[in-house]
Amino acid sequence: MTVWDDVVGQEQVAVQLGAAARDADALVTAVQTGQPPPEASKMTHAWLFTGPPGSGRATAARAFAAALQCLSPDRALGGAPGCGFCDGCHTALLGTHADVEVVRTDLLSIGVKETRELVRRAQLSPAGGRWQVIVLEDADRLTEGAGNVLLKAVEEPAPRTVWLLCAPSIEDVLPTIRSRCRLLTLRTPPVEAVADVLVRRDGIEPEAAAAAARATQGHIGRARRLATDERARSRRRAVLKVPLRVEDVGGALRAAQELVDTAAEEAAQLAEETDVKETEELKAALGGQSGGRMPRGTAGVMKELEDKQKRRRTRSQRDSLDLALTDLTGFYRDVLALQLGSRSALANTEVQDALERMAQDTSPESTLRRIEAIGACREALESNVAPLLAVEAMTLALRAG
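All values derive from a computational prediction rather than experimental measurement. (Residues numbered from 1 in each chain as written. Predicted model: local features only at pLDDT ≥ 70, side-chain atom pairs only at ≥ 80, totals over all residues. Heavy atoms only, no water.)

Some points on the packing of aromatic side chains
Scanning all chains against the criterion turns up two aromatic pairs. Ring centres 5.1 Å apart and planes at 75 degrees place the aromatic pair W47 and F64 in the edge-to-face group. On the criterion of sequence distance, the pair formed by W47 in strand β1 (residues 46-50) and F64 in helix α2 (residues 57-68) is long-range, its members being 17 residues apart. This pair shows no difference in class: W47 is buried, exactly as F64 is. (Phe/Tyr/Trp six-rings, centres within 6.5 Å; stacked < 30°, edge-to-face > 60°. Helix = DSSP H or I, 4+ residues; strand = E, 2+ residues; numbered from the N terminus. Buried < 20%, exposed > 50% of the residue type's maximum accessible area, 1.4 Å probe, protein only.)

Thoughts on the pairing of strand β4 (residues 161-167)
With seven of seven residues buried, β4 is to be regarded as a mostly interior element. Here β4 shows two buried faces, one formed by T161, W163, L165 and A167 and the other by V162, L164 and C166. In this structure, β1 lies alongside β4, joined through five bridges in parallel fashion. By the bridge assignment, F49 is partnered in β4 with C166. Sheet topology places strand β3 (residues 132-136) next to β4; five bridges connect them, and they run parallel. When the sheet's bridge partners are listed, L136 is paired in β4 with L165. (Pairing = 2+ DSSP bridges.)

Points about the packing of helix α1 (residues 11-33) against α2
Two quantities define a packed helix pair, namely the angle between the axes and the distance from one axis to the other. Between α1 and α2, the least distance of the axes is 9 Å, while the angle of their chain directions is 25 degrees. The angle between α1 and α2 falls in the class roughly parallel. Here α1 runs over α2; the crossing is right-handed. Here L17, A20, A21 and A24 of α1 come into contact with α2, specifically with A60, F64, A67 and L68. (Axes fitted to C-alpha atoms, helices over the stretch in contact; angles between N-to-C directions. Parallel < 35°, antiparallel > 145°, perpendicular 65-115°, else oblique. Left-handed = near helix turned anticlockwise from the far one by under 90°. Contact = heavy atoms within 4.5 Å.)

Some details on the confidence of the model for the protein chain
Counting all residues, the mean pLDDT for the protein chain is 87, and 96% of those residues have values of 70 or more. At the level of individual helices and strands, the protein chain shows its lowest average pLDDT in helix α11 (residues 249-285), which scores 81, and its highest in β1, which scores 95. (pLDDT = per-residue confidence, 0-100.)

Here we look at the nonpolar core
Membership of the largest hydrophobic core comes to 35 residues, with the highest contact counts inside it found for W4, L17, M43, W47, F49, F64 and L164. The set of elements that each furnish at least two residues to this core consists of α1, β1, α2, α3 (87-94), β3 and β4. L259, A324, Y332 and I374 belong to the second-largest nonpolar core, a separate cluster that totals 29 residues. (Core = buried A, V, L, I, M, F, W, Y, C linked by side-chain atoms within 4.5 Å.)

A few points about the sheet that holds β4
Spatially, the five strands line up as an open sheet ordered β2-β3-β4-β1-β5, and their pairing is parallel. Two strands bound the open sheet, and with one partner strand each, they are β2 (100-103) and β5 (182-185). The sheet shows a mean angle of 15 degrees between the axes of neighbouring strands, direction not considered. Of the pairings in the sheet, the one linking β2 to β3 comprises four bridges and is parallel in character. Residue pairing across strands places V100 opposite V133, the latter belonging to β3. Along the sheet, helix α4 (residues 112-122) makes contact with β2, β3 and β4, crossing β3 at roughly 160 degrees.

Listed below in structure tokens is the structure:
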């Protein structure tokens with residue numbers, strides 16, 4: 001199994017990255033043997049992976065990072081880098097390779113301090129691998145100041161350092177940065193391809209894999225969670241009932257409250273798994289005792305951790321709400337498909353009776369207005385509007401049609 005096998009439904013991107021990895025391998029080999037470097041190369045020092053959520057941007061970036069570190073002896077015989085079995089590929093994919101730094105955040109943004117540390121690391125020579133690779137999975141979360149810090153490193157990279165940036169679209173990255181990167185645009189994977197990878201890699205039953213892939217419309221991560229987590233399936237069933245519960249103002253407000261409460265509960269559950277452990281570890285590192293007073297001068301450090309945990313809970317709640325809004329959008333998309341006589345496959349076949357009833361009782365114009373209301377709710381949440389106010393405005397708009 002090569003490193004490209006997990007890059008689902010992105011054949012053209014895999015071909016481009018494979019060619020670049022081959023040229024990168026030739027370039028390093030030439031440097032190590034004292035030969036002149038190849039005149040033409042498809043390799044460059046900075047890449048920008050864009051595509052809709054679930055397209056596998058980070059997966060493609062990590063596969064490319066592994067191919068750049070490939071040590072397979074078949075390369076000398078003309079084989080392509082990225083075998084998936086050698087130590088370089090294996091450790092890069094696992095996240096333990098010394099020269100591959102994968103950066104993801106569970107906070108709302110990536111600040112200047114963290115970015116400066118990345119830039120410092122990027123100036124180092126590879127410790128043992130062939131390239132120093134920095135994979136920034138959430139490049140769209142860089143603050144403006146952090147983006148300006150990163151720009152200098154992208155403009156003047158170290159000789160064997162590669163930046164792999166991931167973002168939903170090129171508009172989510174500073175123009176000065178994206179102009180210095182080679183752009184790769186990924187598409188939403190076909191439903192069939194996602195179902196196949198769930199069966200092949202995760203051992204999920206074909207029927208369950210097909211249902212999960214269809215329900216998430218090709219989002220690989222969500223499909224895997226839906227197929228393996230009963231809580232996710234239960235939450236989705238509750239969300240799909242919202243359009244039927246907003247027939248009056250009271251029902252709309254109750255539905256909004258339940259959506260926000262569910263998102264808050266999920267965020268709290270995630271926090272319980274990490275916050276206590278982080279706090280105890282920091283107290284031990286600072287010389288404090290469990291249940292006792294902390295040493296003098298450590299209050300600022302503890303406050304910084306508390307602020308970080310609060311921001312992480314906010315991000316988790318937003319992500320949970322966004323997932324619910326995605327499911328709601330899918331519901332109304334199916335309604336619109338039925339109203340317009342589209343031959344597109346329905347994503348929510350388990351509630352097909354409700355879809356058909358709403359398609360008959362409402363107009364395509366009202367369905368489009370409801371989809372726009374969901375989009376407006378998303379924008380409000382991104383602008384830090386109080387979640388309950390934003391969701392209540394949405395459910396009232398869903399009622400009005």
